[in-house]
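This is what each chain is made of:
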Amino acid sequence: MRAYLVALTVSAALSCACGGPAASRAPEAAQPATPSTPSSTAASPLRGRTVVLDPGHNGGNASHPREINRQVDVINGRKACNTTGTETADGYSEHAFTWDVASRLKPILERMGARVVLTRPDDKGVGPCVTERAAIGNQARADAVLSIHGDGAAAGGHGFHVITPGLLRGHNDEVVQPSRELGRAVRDAYRAGTGLPYATYTAKDGLQTRTDLGGLNLSTRPAVFIECGNMRNPGDAAKLSRPAFRQRMATALAAGVRDFLT
Ligand code: ZN
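Computed from a prediction, not measured in an experiment: that's the story for all the values here. (Residues numbered from 1 in each chain as written. Predicted model: local features only at pLDDT ≥ 70, side-chain atom pairs only at ≥ 80, totals over all residues. Heavy atoms only, no water.)

A. Region of the structure containing the overall build of the protein chain. Along the backbone of the protein chain there are eight helices and eight strands. For the protein chain, the residues scored as buried account for 50% of the 262 residues in total. Pairs at least 24 apart in sequence give 83% of the contacts found in the protein chain among residues at least 6 apart. As displayed, the protein chain offers around 12,200 Å² of accessible surface, 53% of which is attributable to carbon and sulfur atoms. (Helix = DSSP H or I, 4+ residues; strand = E, 2+ residues; numbered from the N terminus. Buried < 20%, exposed > 50% of the residue type's maximum accessible area, 1.4 Å probe, protein only. Contact = heavy atoms within 4.5 Å. Areas by Shrake-Rupley, 256 points an atom, 1.4 Å probe, with all protein chains shown as cover.)

B. Representation of unusual backbone geometry within the structure. Here the residue pair G127 and P128 is connected by a cis peptide bond, since its omega of -5° sits within 30 degrees of zero. If you trace the backbone, P128 turns up in the loop between β4 (115-118) and α4 (130-139). Positioned with a positive phi, A203 is a non-glycine residue whose angle comes to about 65°. Residue placement: A203 occurs in the loop between α5 (173-194) and β7 (207-210). The exposure class of A203 is partly exposed, given its relative accessible area of 31%.

C. Expanded view of the coordination of the zinc ion. Taken together, H57 (NE2), E94 (OE) and H149 (ND1) make up the protein donors of the zinc ion, found 2.0 to 2.1 Å from the metal. For the zinc ion, the donor residues sit on a single chain with the sequence spacing H-x36-E-x54-H. Highlighted residues: H57 in the loop between β1 (50-55) and α2 (65-69) and E94 in helix α3 (residues 94-111), separated in sequence by 37 residues. For the pair H57 and E94, a shared accessibility class is recorded, and that class is buried. (Donors = N, O, S within 2.8 Å, 3.2 Å for Na, K, Ca; no water.)

D. Representation of the nonpolar core in the model. Membership of the largest hydrophobic core comes to 41 residues, with the highest contact counts inside it found for L105, L109, L146, Y190 and I226. Breaking this core down by element, the ones donating at least two residues are β1, α3, β4, β5 (144-151), α5, β8 (223-230) and α8 (243-261). Looking at which element gives the most residues to this core, the answer is α8, with nine residues. With near-sequence residues (within four places) excluded, L105 lies in contact with L53, L146, I148, A250, L253 and A254. (Core = buried A, V, L, I, M, F, W, Y, C linked by side-chain atoms within 4.5 Å.)

E. Structural view of the side chain of H149. Among the secondary structure elements, H149 is positioned in strand β5. A distance of 3.1 Å separates a polar atom in the side chain of H149 from a polar atom in the side chain of E94. With sequence-adjacent residues up to four places away left out, H149 is seen in contact with G56, H57, E94, F97, T98, F225, I226, E227 and C228. (Polar contact = N/O pair within 3.5 Å; in protein donor to acceptor, adjacent residues only side chain to side chain.)

F. Region of interest: α4. Along α4, the residues classified as buried are V130, R133, A134 and G137. End-on view of α4: buried residues confined to an arc of 95°, all on one side of the axis. Against β1, β2 (71-73), β3 (78-80), β5 and α6 (214-217) lie the buried residues of α4. (Arc of directions from axis to C-beta.)

G. Layout of the packing of aromatic side chains. In the structure shown here, the tally under the stated rule is three aromatic pairs. Taken together, a centroid distance of 6.3 Å and an interplanar angle of 85° make the contact between Y92 and F97 edge-to-face. Of the residues examined, Y92 reaches a relative accessible area of 17% and is grouped as buried. Taking the relative accessible area as the measure of exposure, F97 reaches 0% and is therefore buried. On the numbers, 5.9 Å between centres and 65° between planes, the contact of F160 with Y198 is edge-to-face. Linking F160 in the loop between β5 and β6 (161-165) with Y198 in the loop between α5 and β7, this pair joins segments that are 38 residues apart in sequence. You'll find F160 and Y198 in the same group, each marked buried. Every member of this aromatic cluster is reached through a ring pair, and the members are F160, Y190 and Y198. Between the NZ or CZ atom of R191 and the centre of the ring of Y198, over which it lies, the distance is 4.2 Å. (Phe/Tyr/Trp six-rings, centres within 6.5 Å; stacked < 30°, edge-to-face > 60°. Lys NZ or Arg CZ within 6 Å of the ring centre and 35° of its normal.)

H. Summary view of the sheet that holds β1. Reading across from one edge, β4-β1-β5-β8-β6-β7 is the order of the six strands in this open sheet, with mixed pairing throughout. Both outer strands of the open sheet, β4 and β7, are each paired with one neighbouring strand and no more. Within the sheet, the average angular offset between the axes of one strand and its neighbour, ignoring direction, is 25°. In this fold α3 packs onto β1, β4, β5 and β8, with an angle of close to 145° to the strand it touches most, β5. Its contacts with the sheet put α4 on β1, β4 and β5, and the angle it makes with β1 is roughly 170°. (Pairing = 2+ DSSP bridges. Axes fitted to C-alpha atoms, helices over the stretch in contact; angles between N-to-C directions.)

Okay, structure coming up:
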(Lines give C-alpha, C1' and ligand atoms only; values in the text may rest on other atoms or scores of the structure.)
Protein backbone atom coordinates (compact mmCIF):
# COMPACT_ATOMS: atom_id res chain seq x y z
CA MET A 1 0.00 0.00 0.00
CA ARG A 2 2.67 2.46 0.94
CA ALA A 3 5.27 1.09 -1.42
CA TYR A 4 7.06 3.89 -3.10
CA LEU A 5 5.89 4.56 -6.61
CA VAL A 6 7.43 6.89 -9.09
CA ALA A 7 5.22 9.91 -9.21
CA LEU A 8 3.54 9.96 -12.56
CA THR A 9 1.88 13.28 -12.26
CA VAL A 10 3.22 16.50 -10.99
CA SER A 11 1.53 17.33 -7.77
CA ALA A 12 0.93 21.00 -7.44
CA ALA A 13 2.72 22.29 -4.41
CA LEU A 14 -0.44 22.71 -2.49
CA SER A 15 0.41 24.33 0.73
CA CYS A 16 -2.15 23.35 3.22
CA ALA A 17 -3.07 25.41 6.19
CA CYS A 18 -4.42 22.32 7.78
CA GLY A 19 -4.58 21.28 11.30
CA GLY A 20 -7.35 23.63 12.24
CA PRO A 21 -7.21 25.91 15.19
CA ALA A 22 -5.39 24.97 18.31
CA ALA A 23 -7.90 23.20 20.44
CA SER A 24 -9.10 26.22 22.31
CA ARG A 25 -10.92 24.54 25.10
CA ALA A 26 -13.31 26.95 26.66
CA PRO A 27 -12.46 27.65 30.27
CA GLU A 28 -14.63 25.86 32.71
CA ALA A 29 -17.57 27.98 33.65
CA ALA A 30 -17.64 29.17 37.21
CA GLN A 31 -19.78 27.04 39.43
CA PRO A 32 -23.33 28.33 39.49
CA ALA A 33 -24.59 29.64 42.78
CA THR A 34 -27.66 27.46 42.55
CA PRO A 35 -27.34 23.90 43.78
CA SER A 36 -26.00 21.88 40.93
CA THR A 37 -27.91 18.89 39.73
CA PRO A 38 -26.25 16.15 37.73
CA SER A 39 -25.95 17.85 34.38
CA SER A 40 -23.42 15.65 32.68
CA THR A 41 -25.97 14.87 30.00
CA ALA A 42 -26.47 18.54 29.24
CA ALA A 43 -22.76 19.28 29.35
CA SER A 44 -21.70 16.15 27.48
CA PRO A 45 -24.66 15.11 25.36
CA LEU A 46 -22.51 12.76 23.29
CA ARG A 47 -20.83 10.91 26.15
CA GLY A 48 -20.47 7.26 25.23
CA ARG A 49 -21.05 7.91 21.54
CA THR A 50 -18.54 7.41 18.75
CA VAL A 51 -18.39 9.67 15.71
CA VAL A 52 -16.19 8.85 12.73
CA LEU A 53 -15.12 11.80 10.59
CA ASP A 54 -13.94 11.01 7.10
CA PRO A 55 -12.12 13.94 5.47
CA GLY A 56 -12.36 13.21 1.75
CA HIS A 57 -9.26 12.51 -0.37
CA ASN A 58 -5.68 13.10 0.83
CA GLY A 59 -2.71 15.33 0.08
CA GLY A 60 -0.58 12.61 -1.45
CA ASN A 61 -3.21 11.17 -3.77
CA ALA A 62 -2.33 13.24 -6.84
CA SER A 63 1.27 12.06 -6.81
CA HIS A 64 0.35 8.38 -6.37
CA PRO A 65 -2.02 7.63 -9.24
CA ARG A 66 -1.31 3.92 -9.39
CA GLU A 67 -2.22 3.36 -5.77
CA ILE A 68 -5.21 5.63 -5.99
CA ASN A 69 -6.60 4.25 -9.24
CA ARG A 70 -6.45 0.66 -8.04
CA GLN A 71 -9.95 -0.78 -8.38
CA VAL A 72 -11.72 -1.93 -5.24
CA ASP A 73 -14.99 -3.78 -4.69
CA VAL A 74 -17.85 -1.58 -3.47
CA ILE A 75 -20.54 -4.32 -3.46
CA ASN A 76 -22.37 -3.29 -6.64
CA GLY A 77 -19.32 -2.58 -8.75
CA ARG A 78 -15.69 -1.64 -8.72
CA LYS A 79 -14.32 1.84 -8.16
CA ALA A 80 -11.01 3.59 -7.74
CA CYS A 81 -9.47 3.16 -4.32
CA ASN A 82 -9.61 6.92 -3.85
CA THR A 83 -9.53 10.11 -5.93
CA THR A 84 -7.67 13.39 -5.89
CA GLY A 85 -10.72 15.58 -5.34
CA THR A 86 -11.29 19.03 -6.73
CA GLU A 87 -9.99 22.51 -5.95
CA THR A 88 -11.06 26.12 -6.21
CA ALA A 89 -10.00 28.25 -9.17
CA ASP A 90 -7.38 29.74 -6.86
CA GLY A 91 -5.96 26.30 -6.09
CA TYR A 92 -7.40 25.64 -2.63
CA SER A 93 -7.64 21.87 -2.71
CA GLU A 94 -10.54 19.78 -1.54
CA HIS A 95 -8.26 17.52 0.51
CA ALA A 96 -6.91 20.50 2.47
CA PHE A 97 -10.42 21.86 2.88
CA THR A 98 -11.87 18.60 4.19
CA TRP A 99 -8.92 18.07 6.51
CA ASP A 100 -9.30 21.57 7.92
CA VAL A 101 -13.04 21.19 8.53
CA ALA A 102 -12.58 17.78 10.17
CA SER A 103 -9.82 19.20 12.36
CA ARG A 104 -12.13 21.97 13.51
CA LEU A 105 -15.08 19.64 14.00
CA LYS A 106 -13.26 16.99 16.04
CA PRO A 107 -12.64 19.11 19.18
CA ILE A 108 -16.18 20.48 19.10
CA LEU A 109 -17.61 16.96 19.18
CA GLU A 110 -15.10 15.93 21.84
CA ARG A 111 -16.23 18.81 24.02
CA MET A 112 -19.73 17.37 23.68
CA GLY A 113 -18.35 14.13 25.10
CA ALA A 114 -17.99 12.07 21.92
CA ARG A 115 -15.16 9.76 21.02
CA VAL A 116 -14.04 10.93 17.60
CA VAL A 117 -12.12 8.79 15.11
CA LEU A 118 -10.66 10.17 11.89
CA THR A 119 -10.12 8.03 8.81
CA ARG A 120 -6.74 9.61 8.11
CA PRO A 121 -4.16 11.05 10.50
CA ASP A 122 -3.00 14.04 8.45
CA ASP A 123 -3.21 15.64 5.02
CA LYS A 124 0.07 14.31 3.67
CA GLY A 125 -0.69 10.67 3.02
CA VAL A 126 -2.14 8.50 0.26
CA GLY A 127 -5.67 7.13 0.49
CA PRO A 128 -6.88 5.26 2.42
CA CYS A 129 -9.13 3.46 -0.04
CA VAL A 130 -12.86 3.95 0.30
CA THR A 131 -13.07 0.36 1.50
CA GLU A 132 -10.70 1.10 4.37
CA ARG A 133 -12.48 4.32 5.22
CA ALA A 134 -15.76 2.44 5.57
CA ALA A 135 -14.07 -0.31 7.58
CA ILE A 136 -12.77 2.26 10.07
CA GLY A 137 -16.33 3.39 10.80
CA ASN A 138 -17.58 -0.18 11.02
CA GLN A 139 -14.80 -1.34 13.32
CA ALA A 140 -15.20 1.71 15.57
CA ARG A 141 -18.91 0.81 15.82
CA ALA A 142 -19.60 4.43 14.97
CA ASP A 143 -22.93 5.88 16.00
CA ALA A 144 -22.56 8.33 13.11
CA VAL A 145 -20.15 8.59 10.20
CA LEU A 146 -19.71 11.94 8.45
CA SER A 147 -17.74 12.03 5.23
CA ILE A 148 -16.72 15.60 4.37
CA HIS A 149 -16.29 16.82 0.80
CA GLY A 150 -16.44 19.89 -1.40
CA ASP A 151 -18.01 19.44 -4.80
CA GLY A 152 -16.39 20.02 -8.17
CA ALA A 153 -19.49 20.74 -10.24
CA ALA A 154 -19.96 23.22 -13.09
CA ALA A 155 -19.15 26.74 -11.92
CA GLY A 156 -22.69 28.03 -12.38
CA GLY A 157 -24.15 25.87 -9.60
CA HIS A 158 -23.82 26.63 -5.93
CA GLY A 159 -24.93 25.48 -2.51
CA PHE A 160 -24.54 22.28 -0.52
CA HIS A 161 -26.10 18.84 -0.41
CA VAL A 162 -26.05 15.77 1.79
CA ILE A 163 -25.85 12.26 0.31
CA THR A 164 -27.33 9.22 2.03
CA PRO A 165 -26.92 5.54 1.11
CA GLY A 166 -29.47 3.82 -1.06
CA LEU A 167 -30.61 0.31 -0.25
CA LEU A 168 -28.34 -2.57 -1.22
CA ARG A 169 -30.51 -5.44 -0.09
CA GLY A 170 -28.69 -7.83 2.18
CA HIS A 171 -25.87 -5.37 2.84
CA ASN A 172 -27.02 -2.13 4.40
CA ASP A 173 -30.73 -2.70 5.13
CA GLU A 174 -30.45 -1.62 8.77
CA VAL A 175 -28.67 1.66 8.16
CA VAL A 176 -30.55 3.19 5.24
CA GLN A 177 -33.23 4.75 7.45
CA PRO A 178 -30.98 5.98 10.28
CA SER A 179 -28.63 7.38 7.66
CA ARG A 180 -31.53 9.36 6.23
CA GLU A 181 -32.28 10.71 9.67
CA LEU A 182 -28.64 11.65 10.12
CA GLY A 183 -28.71 13.27 6.70
CA ARG A 184 -31.75 15.38 7.53
CA ALA A 185 -30.25 16.47 10.85
CA VAL A 186 -26.96 17.45 9.21
CA ARG A 187 -28.74 19.22 6.36
CA ASP A 188 -30.94 21.26 8.68
CA ALA A 189 -28.13 22.24 11.03
CA TYR A 190 -25.74 23.06 8.22
CA ARG A 191 -28.23 25.30 6.49
CA ALA A 192 -29.15 27.04 9.71
CA GLY A 193 -25.55 27.45 10.82
CA THR A 194 -23.92 28.52 7.57
CA GLY A 195 -26.74 30.18 5.68
CA LEU A 196 -25.67 28.32 2.55
CA PRO A 197 -28.56 27.31 0.30
CA TYR A 198 -29.41 23.82 -0.90
CA ALA A 199 -27.50 22.95 -4.06
CA THR A 200 -29.00 24.60 -7.11
CA TYR A 201 -27.57 22.02 -9.51
CA THR A 202 -28.25 18.61 -7.97
CA ALA A 203 -30.16 16.80 -5.20
CA LYS A 204 -33.57 17.86 -3.96
CA ASP A 205 -33.96 20.11 -0.95
CA GLY A 206 -30.30 19.45 -0.19
CA LEU A 207 -30.70 15.67 0.01
CA GLN A 208 -29.71 12.93 -2.39
CA THR A 209 -29.60 9.13 -2.23
CA ARG A 210 -26.84 7.27 -4.07
CA THR A 211 -25.63 3.70 -4.43
CA ASP A 212 -22.38 4.44 -6.28
CA LEU A 213 -20.26 5.65 -3.37
CA GLY A 214 -18.11 2.95 -1.83
CA GLY A 215 -17.85 4.71 1.50
CA LEU A 216 -21.63 4.63 1.88
CA ASN A 217 -22.24 1.24 0.28
CA LEU A 218 -19.82 -0.47 2.63
CA SER A 219 -20.89 1.23 5.83
CA THR A 220 -22.76 -0.85 8.36
CA ARG A 221 -23.19 2.23 10.54
CA PRO A 222 -25.36 5.33 9.90
CA ALA A 223 -23.33 7.33 7.38
CA VAL A 224 -23.69 10.37 5.16
CA PHE A 225 -21.55 12.44 2.82
CA ILE A 226 -21.80 16.20 2.77
CA GLU A 227 -20.73 18.22 -0.23
CA CYS A 228 -20.17 21.41 1.73
CA GLY A 229 -20.40 23.67 -1.30
CA ASN A 230 -19.27 23.79 -4.91
CA MET A 231 -15.57 24.60 -4.92
CA ARG A 232 -15.77 25.53 -8.62
CA ASN A 233 -18.36 28.21 -7.96
CA PRO A 234 -16.74 31.58 -7.20
CA GLY A 235 -19.18 32.51 -4.45
CA ASP A 236 -18.99 29.17 -2.66
CA ALA A 237 -15.21 29.06 -3.16
CA ALA A 238 -14.78 32.42 -1.47
CA LYS A 239 -16.71 31.18 1.56
CA LEU A 240 -15.03 27.78 1.75
CA SER A 241 -11.63 29.45 1.55
CA ARG A 242 -12.21 31.55 4.67
CA PRO A 243 -11.07 29.99 7.98
CA ALA A 244 -13.79 31.79 9.93
CA PHE A 245 -16.43 30.36 7.63
CA ARG A 246 -14.99 26.87 7.96
CA GLN A 247 -15.28 27.25 11.72
CA ARG A 248 -18.96 28.09 11.25
CA MET A 249 -19.31 25.03 9.08
CA ALA A 250 -17.71 22.82 11.72
CA THR A 251 -19.94 24.23 14.45
CA ALA A 252 -23.00 23.61 12.28
CA LEU A 253 -21.94 20.05 11.45
CA ALA A 254 -21.41 19.30 15.13
CA ALA A 255 -24.92 20.53 15.85
CA GLY A 256 -26.29 18.25 13.15
CA VAL A 257 -24.51 15.19 14.52
CA ARG A 258 -25.63 16.09 18.05
CA ASP A 259 -29.23 16.52 16.94
CA PHE A 260 -29.18 13.08 15.35
CA LEU A 261 -27.61 11.37 18.35
CA THR A 262 -29.67 12.97 21.10
ZN1 ZN B 1 -14.68 14.77 -2.67
